[in-house]
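If you want the building blocks of each chain, they are given just below.
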Amino acid sequence: MANLATLFRLLLSLFWYPLTGFASAQWPGGASTRFYDFKVQTMRITKLCNTKDIVTINGMFPGPVVYAHEDDRVIVNVTNETPHSITIHWHGIRQRLSCWSDGPSYITQCPIQAGQSFTYEFTIVEQKGSLLWHAHVSWLRGTVYGAIVVYPKTGVPYPFQYPYEEHIILLGEYWLKDLVQLEQQVMDSGGAPPPADAFTINGHPGPNFNCSNDDVYKIDVVPGKTYLLRIINACLNMENFFAIANHKLTIIEVDGEYTKPLTTDRVMLGPGQTMNVLVTADQPLGKYSMAMGAYMSARGVRFQNISAIAYFQYVGAVPNTLALPAQLPGFNDSLAVKTVMDGLRSLNPVNVPEEIDTNLFYTIGLNVQKCRSNTPEKNCQATNNGVLAASMNNISFIRPNISLLEAYYKKINGCYTEDFPDAPLEFYDFVNGAPNNIPNDTQALNGTRTKVLEYGTRVQLILQDTGTVSTENHPIHLHGFSFYVVGYGTGNYDNRTATFNLVDPPYMNTIGVPVGGWAVIRFVADNPGLVYALSFGSTYVMGIVYGFHSEEWARRA
């Protein structure tokens, strides 16, 4: 039961990049240094008519905001005052020469044990915008999360209208049960995790949920003024729509990268995705709902279908006025998702790798393994008495007992192999003809397999959804990197018909691979160290890991 296929936290492959010609690289020093002290603490909280203890940072839910400017150095000392092991991941930070500080447990570090401390140190090189930090051990991410706000260098203006005010909007999930115990129950069951008991906006469920009429987040706005909302999806599992009643949202940044302005009625964010939007208070005086609701593209999956509500309230509005409702798309409206994605473009033309050194083709999908338990009624609660898992190229990753980065540098044998395939072992109609005789032909291979790439490799990665068990939208996040989303579409990927944008594609760190479709990303493997790629699904999490090494960098580290 120790492997992550059972936990629905799956590493699917590893990439090691042995470096050559890297001796001239310089450790980024940072314009100035920002210090933060994180205490991992339990806190008593009452929500949804229920009181329980949750794990927090500094007794705050959501956690404290990490503020910095582009090129600043950030030092965060984390002290664990709880009985639970923990790490912190800095989602979207590219970790230039600082992969030891990336935070995924058993990838770049072993978890911080009770009573111990760990110091994260990194420079925010050529980055600005809204990002996210969160716990990267088990389901503690459900309460241990917060925003990262990186401003441009002093004196450098925004490339858009300067807002009157800016506000952080953290989308989250909340469970009545203890998250550590709940995860263990799910792991033991072999089945899918239960839906959250509520969605939250900045930790507040809003009036649609029990005992929450007064547990509502509110922004007071001045008529005629324009506001910058930093929207961050900190959910454990769910992708979510967000909208404000009667107001347009103008997207000007995604995943910490400026975009051409795109005006829309609503946005959809997967776990870890961030969007900065401009909203002008141009409606009659009143109270307008800000709504967060589910996007669920998979079939047969239980999910929370009640929206969290916050208020966008005009100064001068009649007190206690009723809020105008926000209109969200239907929970499975993939066209609404595609419409926004179609309009995303980098602000300026970009330098997309046109010549490719390595082409990779990865299928993404759910699996149901055959039951091996002596107590199947307890441990095999997936479809047809199987055990739910997930895979890439039909390989599920077995979590090691030590950090893979440590194993690599200390040359500890037996922790991983270097035989992850560049493409599926078999090609077929991935979307419509996938095997589905559960669990007889929905098995995945298991292993801690890696793929070796040279430093500087120009990579094209094709990500293909599959219909094994169910197609669904798959958010893919790459730790330590951003990438160009050069193309995407529905059905099976076909290089004869696929069209790419090589002029101004969006530069993202998280991309939703379309339900029953594909996405193509490009990047250069130029960030030394070990970094992790993660895919969030509605019932599981899986991922890829990338690694780099040079003797010069090892001395610097």
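Residues numbered from 1 in each chain as written. Predicted model: local features only at pLDDT ≥ 70, side-chain atom pairs only at ≥ 80, totals over all residues. Heavy atoms only, no water.

**With respect to the overall build of the chain**
Regarding its fold elements, the chain presents six helices and 34 strands. For the chain, contacts bridging at least 24 residues in sequence account for 79% of all contacts bridging at least 6. Put simply, the chain shows about 20700 Å² of open surface, and 48% of that area lies on carbon and sulfur atoms. (Helix = DSSP H or I, 4+ residues; strand = E, 2+ residues; numbered from the N terminus. Contact = heavy atoms within 4.5 Å. Areas by Shrake-Rupley, 256 points an atom, 1.4 Å probe, with all protein chains shown as cover.)

**Considering the state of the cysteines**
Inspection of every chain in the model, using the stated rule, returns two disulfides. Here Cys49 is linked by a disulfide to Cys211, with a sulfur-sulfur distance of 1.8 Å. Because the torsion about its S-S bond is 95°, the bridge between Cys49 and Cys211 counts as right-handed. Residue Cys49 is found in the loop between β2 (33–47) and β3 (50–57), and its partner Cys211 is found in the loop between β11 (198–201) and β12 (218–221); the two are separated by 162 residues along the sequence. The residues Cys49 and Cys211 share a single accessibility class, namely exposed. The disulfide that involves Cys371 links it to Cys380, with 2.0 Å between the sulfurs. Torsion about the S-S bond of the Cys371 and Cys380 cystine: about 65°, corresponding to right-handed handedness. Of the residues examined, Cys371 reaches a relative accessible area of 26% and is grouped as partly exposed. Described in terms of the sequence order of its bonded cysteines, the disulfide pattern of the chain is 1-2, 3-4. Unpaired in terms of disulfides, Cys110 finds its nearest cysteine sulfur in Cys415, a separation of 10.0 Å. (Disulfide = S-S within 2.5 Å. Buried < 20%, exposed > 50% of the residue type's maximum accessible area, 1.4 Å probe, protein only.)

**Considerations on the sheet that holds β11**
In space, the six strands of this open sheet follow the order β11-β10-β13-β18-β15-β16, with mixed pairing throughout. With partners counted over all chains shown, the strands left at the sheet margins are β11 and β16 (257–264), one partner each. Averaged over all adjacent pairs, the angle separating strand axes in this sheet is 25°, with direction ignored. Alignment of strand β15 (residues 249–254) against β16, held across five bridges, turns out to be antiparallel. Paired with Ile251 across the two strands is Leu262, which belongs to β16. (Pairing = 2+ DSSP bridges. Axes fitted to C-alpha atoms, helices over the stretch in contact; angles between N-to-C directions.)

**Describing the side chain of Thr123**
When you line up the elements, Thr123 lands in strand β7 (residues 117–123). For Thr123, the side chain forms a polar contact with the side chain of Arg73, separated by 2.2 Å. (Polar contact = N/O pair within 3.5 Å; in protein donor to acceptor, adjacent residues only side chain to side chain.)

**Observations concerning helix α2 (residues 179–189)**
Buried residues of α2: Leu179, Leu182, Glu183, Val186, Met187 and Ser189, and no others. Within α2, the buried residues cover an arc of 165° as seen down the axis, which keeps them to one side. The distance from a side-chain oxygen at the start of α2 to the backbone nitrogen of Val180 is 3.0 Å, and the residue carrying that oxygen is Asp178. Of the residues trailing α2, Gly190 is marked for its positive phi of about 75°. (Arc of directions from axis to C-beta.)

**Side note on the pairing of strand β20 (residues 308–314)**
Within β20, seven of the seven residues are buried, leaving the element largely enclosed by the surrounding structure. Residue alternation in β20 divides its side chains into two sets, Ala308, Ala310, Phe312 and Tyr314 and Ile309, Tyr311 and Gln313, and both sets are buried. Pairing geometry for β12 and β20, over four bridges, is parallel. Considered in β20, the bridge of Lys218 is made with Tyr311.

**What to know about the pairing of strand β4 (residues 66–69)**
On β4, burial follows the alternation: Val66 and Ala68 on one face are buried, whereas Tyr67 and His69 on the facing-out side are not. Direction of pairing for β4 relative to strand β9 (residues 145–151): parallel, over a ladder of four bridges. By the bridge assignment for β9, Val66 is matched with Ile148.

**Some remarks on helix α3 (residues 334–343)**
Residues spaced three or four apart along an α-helix face the same direction, because each turn holds 3.6 residues. Listed in full, the buried residues belonging to α3 are Ala336, Val337, Val340 and Met341. Down the axis of α3, the smallest arc covering the buried residues is 130°, so these residues share one side. Two to three positions downstream of the cap, the backbone nitrogen of Leu335 sits 3.2 Å from a side-chain oxygen, assigning the N-cap of α3 to Asp333.

**A few points about the packing of aromatic side chains**
For the structure shown, the criterion picks out 29 aromatic pairs. Pairing Phe61 with Tyr174 gives two aromatic rings, centres 6.3 Å apart and planes at 50°, and the pair type is tilted. With a gap of 113 residues between them, Phe61 in the loop between β3 and β4 and Tyr174 in strand β10 (residues 165–174) connect regions that are remote in the sequence. With respect to class, Phe61 is no different from Tyr174; both count as buried. Measuring from centroid to centroid gives 5.9 Å for Phe361 and Phe430, while their planes differ by 35°, and the two rings are tilted. Here the residue Phe361 occupies a position in strand β22 (residues 358–369), and Phe430 occupies one in the loop between α5 (404–409) and β25 (445–447), the gap between them amounting to 69 residues. A relative accessible area of 11% places Phe361 in the buried class. We classify Phe430 as buried; its relative accessible area is 3%. Three or more aromatic residues joined by ring pairs form one cluster here, namely Phe38, Trp90, Phe118, Tyr120, Phe122 and Trp133. In this arrangement the basic side chain of Lys287 is found over the ring face of Tyr311, its NZ or CZ atom lying 4.5 Å from the centre. (Phe/Tyr/Trp six-rings, centres within 6.5 Å; stacked < 30°, edge-to-face > 60°. Lys NZ or Arg CZ within 6 Å of the ring centre and 35° of its normal.)

**Observations regarding the sheet that holds strand β6 (residues 88–91)**
Pairing in this open sheet of four strands is mixed, and the strands run β4-β9-β8-β6 from one edge to the other. Unpaired on one side and paired on the other, β4 and β6 mark the two borders of the sheet. Shown here is a sheet whose adjacent strand axes are inclined to one another by a mean of 20°, direction ignored. Relative to strand β8 (residues 129–135), β6 runs antiparallel, the two being bridged by four bridges.

**Structural notes on the environment of Trp90**
Assignment of secondary structure puts Trp90 in strand β6. Excluding residues that lie within four positions of it along the chain, Trp90 makes contacts with Phe38, Val66, Val76, Gln95, Ser101, Asp102, Tyr120, Phe122, Leu132, Trp133 and Ile148. Looking at Trp90, its side chain comes within polar contact range of the main-chain oxygen of Ser101, at 3.4 Å.

**With respect to unusual backbone geometry**
In this model, Phe61 is joined to Pro62 through a cis peptide bond whose omega is -10°. Along the polypeptide, Pro62 turns up in the loop between β3 and β4. One non-glycine residue with positive phi stands out, namely Tyr106, at about 65°. Among the secondary structure elements, Tyr106 is positioned in the loop between β6 and β7. Even without being a glycine, Asn385 presents a positive backbone phi close to 60°. For Asn385, the location among the structural elements is in the loop between α4 (376–379) and β23 (387–392). The exposure class of Asn385 is exposed, given its relative accessible area of 54%.

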